[in-house]
Amino acid sequence: MPANNRFELDLGAFDSIVERDLPQPHQINYEVTRDTIRTFAWAIDDYNALYLDDDYARQTRWGTRIAPPGYLASHGSSAWLARHVPPVVDEEGSTLSELVHASEEWRFLRPVRPGDHVLSHSKISRAEAKVGSRVGASVRVDMLTRYFNHRGEDTAVRVDTCFLLNKTKAGAGSVIGYPPIENGATTRNVIQPTRFPGTFSVPGQRAYPQRYFEDVSIGDAVTPLHIPPVMLQNLARFCAATLASGVDETGGPVPGSALPDAYVFGHLRVPWFGTMITAWGGPGTWIQRLAQRDRSWLLIGFSVDCRGSVVAKSGDPSDPWIDLALECVNELGHVTNVGTSRVTLPVRQ
C-alpha cells in the first residue's frame, strides 16, 4: 500500500504483453481484389462508383479502384488480443474482467488498390489505470494495428482503445433514454430474408460530384448520411466481409448486461463516417485521419444519422487539409458517437 493510503491497481501482469511481439493469427484476407473491395462496400451499403466501377475509377486521381475507409479491418483486427488481457483485482477485491470497446482512430497513409497484398500486425501498446465516477476502477488498454503492403509500405495505422471493467458495472448508464420494448416483444430485431445471390437487387452505383478546397468554409455542414434501423443481418453482413463470421444471436437482452437488446458494434462508425465524407467530398477526397468515440450504446432497431461540420481549414492551398467534427445521432435525438477527421480536397486550379 502506498504511503498516502491510496489504492493502486497492480498492472504487473501486463508487463509481459505491452509492446511485446505476440504471434499473429491468420488473416481473413491477404490480397486486395475487386471482389474483396466490392464485398466490403456492399456490406456497409456504400455503392460509390469509386469502389465498384473500373471505368469510372480510372478517370479519378487514383487511376484505379481503391478500398473504402475501414476496409482494412478485413485484413486484420486487434480483437484477438482480448484473450491476452489479464484480469486485474480492484480495491474492493473484485475482478476487472470485462473488456469494453471505447474508441478507435485510423490514420490512412496511402490508398489500397486491387493487386496489393496487405499484412497486419497488432500489439497491446498501452495499459493505464483509471478511475471513473460511474464504473470505478478500470484499466485503459490501447491496441495498435499496423497495415503494410507487399512493397513494405505502411498503408494505415489503427488504435483501438478498450477499458477493462468490473463486469457488474460495464453497462452503467448504457440504456439511458431508450424506451422499453413493448407489446410483449423481447427484441427490436426484425428477421430479414437471407440475401442469397440473385435474390436481392443491388442499388445503382453512385458517382458524386467533386468538391474543391476553395469551395469549403469553416462552419459548412457535411451532407448527412441516414442509416435505416440497424438489424442483426446488417451486423452479420459486416462480420462476413471483415471476419468471415456471422452474428450468433437473435436479439433480446444481452446476458450479464443492463442492455435490453442487442447493440450495434462501434466499429461500424468508421465506415459510416467514411461513406459520408467521401460522398460529400467526391472521388478526389483523401481521408488522412478518422477517429470516433462511443458515447452511448446504439441498440438494434433504431435508425441513426451521421453528421459533420467543417471546424478548421488550412491557410495554405499547397497543403489543402480540412478538419471535420463528426457525430452519430439516433432517432431519439441522442448522440451515440462523436468523432473527428482530417481530409484533403483537390485544389481547383
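Residues numbered from 1 in each chain as written. Predicted model: local features only at pLDDT ≥ 70, side-chain atom pairs only at ≥ 80, totals over all residues. Heavy atoms only, no water.

> Explain the confidence of the model for the protein chain here, please?
Low pLDDT marks regions whose predicted coordinates should not be analysed in detail. Averaged over the protein chain, the pLDDT score is 92; the fraction of residues at 70 or greater is 95%. Scored below 50 in pLDDT, residues 1-5 makes three contacts in the model with residues more than four places away or belonging to other chains. (pLDDT = per-residue confidence, 0-100. Contact = heavy atoms within 4.5 Å.)

> Sorry if this is basic, but what is going on with unusual backbone geometry here?
The bulk of non-glycine residues show a negative phi, and the bulk of peptide bonds are trans. Although it is not a glycine, Asp45 adopts a positive phi angle of roughly 55°. For Asp45, the position within the fold is in the loop between helix H1 (34-43) and helix H2 (49-52). A relative accessible area of 35% means that Asp45 is categorised as partly exposed. (Helix = DSSP H or I, 4+ residues; strand = E, 2+ residues; numbered from the N terminus. Buried < 20%, exposed > 50% of the residue type's maximum accessible area, 1.4 Å probe, protein only.)

> What is the right way to read the packing of H1 against helix H4 (residues 232-243) from this model?
Axis angle and axis distance: for two packed helices, these are the angle between their axes and the distance between the axes, and together they describe the pair. One way to put it is that H1 packs onto H4 with a least axis distance of 8 Å and a crossing angle of 160°. Put simply, H1 runs roughly antiparallel to H4. In this structure, H1 crosses over H4, and the sense of that crossing is left-handed. Residue-level contacts link Thr39, Phe40, Trp42 and Ala43 of H1 to Arg237, Phe238, Ala241 and Thr242 of H4. Looking at the contact of H1 with H4 residue by residue, the class counts come to five nonpolar, two polar and one charged. (Axes fitted to C-alpha atoms, helices over the stretch in contact; angles between N-to-C directions. Parallel < 35°, antiparallel > 145°, perpendicular 65-115°, else oblique. Left-handed = near helix turned anticlockwise from the far one by under 90°. Nonpolar A, V, L, I, M, F, W, Y, C, P; charged D, E, K, R; others polar.)

> Where do I start with the packing of aromatic side chains in this structure?
To describe a pair of aromatic rings, one takes the distance between the centres and the angle between the planes. Taken as a whole, this structure holds eight aromatic pairs when the rule is applied. With 6.4 Å between their ring centres and 85° between their planes, Trp42 and Phe200 make a pair best called edge-to-face. Here the residue Trp42 occupies a position in helix H1, and Phe200 occupies one in the loop between strand S5 (154-166) and strand S6 (221-227), the gap between them amounting to 158 residues. On the basis of relative accessibility, which here comes to 24%, the residue Trp42 falls in the partly exposed class. The partly exposed category is assigned to Phe200, whose relative accessible area is 24%. Note on Trp106 and Tyr147: the rings are 5.5 Å apart at their centroids and 10° apart in plane angle, and the pair reads as stacked. (Phe/Tyr/Trp six-rings, centres within 6.5 Å; stacked < 30°, edge-to-face > 60°.)

> Please explain the pattern of salt bridges as it appears in this structure.
Two side chains of opposite charge can pair, provided their charged atoms sit close to one another. Under the definition given, this model contains 20 salt bridges. In this structure, the salt-bridge partner of Arg151 is Glu153, at a minimum N-O distance of 3.1 Å. Between Asp160 and Arg158 there is a salt bridge whose closest N-O contact spans 2.9 Å. Like Asp160, the residue Arg158 is buried in the burial classification. The structure contains a network of salt bridges with shared partners spanning Arg126, Glu128, Lys130, Arg140 and Asp142. (Salt bridge = Lys/Arg side-chain N within 4 Å of Asp/Glu carboxyl O.)

> How do you make sense of the pairing of strand S2 (residues 95-108) when you look at a structure like this?
A regular strand carries its side chains on alternate faces of the sheet. Of the strand pairs in this sheet, strand S1 (residues 88-89) and S2 are connected by two bridges, and their pairing is antiparallel. Looking at the pairing, Val89 lines up with Thr95 of S2. Pairing analysis gives eleven bridges linking S2 to S5, with the strands arranged antiparallel. What sits directly across from Arg107, in S5, is Val157. The pairing of S2 with strand S7 (residues 286-294) spans five bridges and is antiparallel. (Pairing = 2+ DSSP bridges.)

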